[in-house]
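Residue-level structural notes
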Amino acid sequence: MNFANRVCSTISTSSALLFFSCAVFAQAPDAKDRGYMAIPETGGIAGESKEVQIARALAAGPSTIADGARIVGTDPNGKSVVLREGSNGFLCQPGNPRIVGRPATCSNAAARQWSADLAAGKPSPTNSVLGIVYMQAGATERGASGETIKIGPQWIITWPFDPKASGLSATKKETGAFIRWAGTPYAQIIPFKREHWE
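All residue numbers refer to positions counted from 1 along the written sequence of the respective chain. Thresholds applied to this predicted model are a pLDDT of at least 70 for local features of residues and 80 or more for the giving and counting of side-chain atom pairs; totals over whole chains, interfaces and linings are not thresholded and use all residues. Hydrogen atoms and water are omitted, and side-chain values are computed over all heavy atoms in the structure.

1. Brief notes about the overall build of the chain
Selection rule: Numbering of helices and strands runs from the N terminus; a helix is a DSSP stretch of H or I covering at least four residues, while a strand is a stretch of E covering at least two. Exposed residues in this analysis have more than 50% of their type's maximum accessible area, buried residues have under 20%, and partly exposed residues fall in between, with area computed by a 1.4 Å probe over protein chains only. The Shrake-Rupley method, run with a 1.4 Å probe, gives the accessible areas here. Residue values count only the displayed protein chains as cover.
Secondary structure assignment for the chain yields 6 helices and 10 strands. For the chain, the proportion of its 198 residues judged to be buried stands at 46%. Of the roughly 9900 Å² that the chain leaves accessible, carbon and sulfur atoms contribute 54%.

Here it is as structure tokens:
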């Protein structure tokens, strides 16, 4: 059984909350949201040392994931470079703290496929198993008025969960977990590590 399936099994049996739905969904998120949710397969800032980039990338995921993940970053010329090879199918990248919405992440291949499909504007993602994205070092996003909002530790499960079947809220919450973009093929669960919205 692969990691994603183990996660799904653990979540569904321990909480009895999550059930998948094959219903007909609404439209995919708009272009603004698609850009924000893109998971880059590189990160870092040109001129940063390899050590700094690796440290920030490792901070994005739990050690059980990050320790065996491939790490990518940026070379002195701004080009993508592999900083360390991995063995568990996850990819961690250091993000760019100077750019809003470009946090350090650790993600599996299914999440990156989901992200690529979303960025391309496909009506639904093509990943056949759930995706996992860790952002344990937090993130930033733009508020309704264009202000920068800091977000604390969180992770994302990319799969079309149904609020009615799962019992989870489809309303953005400050603690716990909620389903974002409910009713679309790009629905996702966002569990928070602790209270963090600033």
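2. Concerning the nonpolar core
What counts is decided by this rule: Residues enter a nonpolar core if they are buried and are Ala, Val, Leu, Ile, Met, Phe, Trp, Tyr or Cys, with the set joined through side-chain atoms within 4.5 Å.
Ranked by internal contacts, the top residues of the largest apolar core, which has 23 residues, are Cys92 and Ile189. Broken down by secondary-structure element, the contributors of at least two residues to this core are helix H3 (50-58), helix H4 (63-66), strand S5 (131-135) and strand S9 (177-180). Grouped together as the second largest cluster of nonpolar side chains are 8 residues, Ala111, Met135, Ile156 and Phe192 included.

3. Considering the side chain of Gln188
For clarity, the cut-off: Nitrogen and oxygen atoms within 3.5 Å of one another constitute a polar contact, given that in protein one can donate a hydrogen and the other can accept it, and given that sequence-neighbouring residues count only through two side-chain atoms.
Positionally, Gln188 belongs in strand S10 (residues 188-191). Within the structure, Gln188 has its side chain in polar contact with the backbone oxygen of Tyr186 (distance 3.4 Å).

4. Looking at the state of the cysteines
Defined as follows: Two cysteine sulfurs form a disulfide in these notes if their separation is within 2.5 Å.
Enumeration according to the criterion identifies 1 disulfide in this entry. Cys92 shares a disulfide with Cys106; S-S distance 2.0 Å. As the torsion about the S-S bond is roughly 110°, the Cys92-Cys106 disulfide counts as right-handed. Of this pair, Cys92 sits in strand S3 (residues 91-93) while Cys106 sits in strand S4 (residues 105-107), placing them 14 residues apart in sequence. For Cys92, a relative accessible area of 0% puts it in the buried group.

5. Overview of the side chain of Asn96
Defined as follows: Whether two residues are in contact is decided by their heavy atoms: any pair within 4.5 Å suffices.
Inspection of the secondary structure assignment puts Asn96 in the loop between S3 and S4. Judged by relative accessible area, Asn96 falls into the buried class, the value being 15%. Side-chain polar atoms of Asn96 contact the backbone nitrogen of Arg98, separated by 2.9 Å. Every residue in contact with Asn96, bar those within four places of it in the chain, is listed here: Gly44, Ile45 and Arg102.

6. Side note on helix H5 (residues 109-119)
Among all positions of H5, only Ala110, Ala111, Arg112, Trp114, Ser115, Asp117 and Leu118 are buried. Count one or two residues on from H5 and you reach Gly121, which has phi positive near 75°.

7. Let's talk about the packing of aromatic side chains
For clarity, the cut-off: Any Phe, Tyr or Trp ring, taking Trp's six-membered ring, that has another such ring centre within 6.5 Å forms a pair; planes under 30 degrees apart are called stacked, those over 60 apart edge-to-face, and the others tilted.
Summed over all chains, the structure comprises 4 aromatic pairs. With 6.5 Å between their ring centres and 20° between their planes, Trp114 and Trp181 make a pair best called stacked. Here Trp181 lies in the loop between S9 and S10 and Trp114 lies in helix H5, a separation of 67 residues in the sequence. Where Trp114 meets Tyr186, the ring centres are 5.7 Å apart and the plane angle is 65°; that geometry is what we call edge-to-face. Pair noted here: Trp114 is in helix H5 and Tyr186 is in the loop between S9 and S10, with a separation of 72 residues, a long-range link. Pair check on accessibility: Trp114 and Tyr186 agree, each one buried.

8. Overview of the pairing of S10
Put simply, the rule is: The pairing criterion is simple: DSSP has to find at least two bridges between the two strands.
Burial of S10 is two-sided: the residues Gln188 and Ile190 facing one way and the residues Ile189 and Pro191 facing the other way are all buried. With 2 bridges connecting them, strand S8 (residues 154-158) and S10 associate as antiparallel partners. Bridge pairing in S10 places Thr158 opposite Gln188. The sheet contact formed by S9 and S10 spans 4 bridges and is antiparallel. Residue pairing for S10: Ala177 is matched across the bridge by Pro191.

9. Some details on the confidence of the model for the chain
Stated formally: Values of pLDDT, which run from 0 to 100, indicate the predictor's confidence residue by residue.
Summarising the model, the chain shows a mean pLDDT of 79, and 76% of its residues fall at 70 or more. Across the chain, S3 holds the top mean pLDDT of 97, while helix H1 (residues 3-15) sits lowest at 34. Every residue in residues 1-27 is under pLDDT 50, and counting partners more than four places away or in other chains gives 41 contacts.

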